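# Summary of the model geometry
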Amino acid sequence: AQTPQAEINKHVWEPFITSFNNHQADAFMAVHSKDVVRSARDGKTVWNWDEYKKSQTEGDQLDLNAKRKRTLTLRFTERIASNDLAVEVGVYKTSYLLADGKTMD
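Cut-offs and rules
Residues numbered from 1 in each chain as written. Predicted model: local features only at pLDDT ≥ 70, side-chain atom pairs only at ≥ 80, totals over all residues. Heavy atoms only, no water. Pairing = 2+ DSSP bridges. Helix = DSSP H or I, 4+ residues; strand = E, 2+ residues; numbered from the N terminus. Expected span 1.5 Å × (residues − 1). Buried < 20%, exposed > 50% of the residue type's maximum accessible area, 1.4 Å probe, protein only. Arc of directions from axis to C-beta. Salt bridge = Lys/Arg side-chain N within 4 Å of Asp/Glu carboxyl O.

## Details of the pairing of strand β4 (residues 86-97)
Inspection of the sheet shows strand β3 (residues 69-81) paired to β4 by 12 bridges, in the antiparallel sense. From the neighbouring strand, F76 faces β4, where its bridge partner is G90. In this structure, the hairpin formed by β3 and β4 is closed by a connection of 4 residues. Direction of pairing for β4 relative to strand β5 (residues 103-104): antiparallel, over a ladder of 2 bridges. By the bridge assignment, Y96 is partnered in β5 with M104. A loop of 5 residues connects β4 with β5, the two strands running antiparallel in sequence, and G101 in this loop sits at a positive phi of about 95°.

Structure, rendered in structure tokens:
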């Protein structure tokens, strides 16, 4: 039997990262609850699921059109999980490989 964190990695974080990196908004949003609230803290905005999906879809299309590749990295500072509840705290970093070969973090 896998640990709760291994199950979360397999069913949440692996598809989350893969779909984000591959610009697959539908698969990315499928990992989220329809009750999600996304706060783009730097932009001082709060989105519901529909607004989040719209933003993700538009961002994916912009990256694809610009031939930008992206890599999402997650770092957890705390992970607590039982069989049916979990709390995870951490940070993420998105790195870009631009069409001209330059990188951007």
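## As for helix α3 (residues 49-65)
Its 17 residues give α3 an end-to-end C-alpha distance of 24 Å, which sits within 8% of 24 Å, the value for a rise of 1.5 Å per residue. Looking only at α3, the buried set comprises W49, Y52, Q56, D60 and D63. Seen from one end, α3 has its buried residues packed into an arc of 65°, which puts them on one side. In α3, the exposed positions that point more than 90 degrees away from the buried face belong to D50, K54, L62 and N65.

## A few points about the pattern of salt bridges
Evaluated as defined, the whole model comprises 7 salt bridges. A salt bridge links K54 to E58; the nearest nitrogen and oxygen atoms lie 2.9 Å apart. A residue pair is termed a helical-turn pair when its members lie 3 or 4 positions apart in one helix, as K54 and E58 do in helix α3 at 4 residues. The shortest N-O distance in the salt bridge between E88 and R79 comes to 2.6 Å. Overall, E88 belongs to the partly exposed group, its relative accessible area being 25%. A relative accessible area of 24% means that R79 is categorised as partly exposed. Salt bridges sharing common partners tie together D60, D63, R68 and R70.

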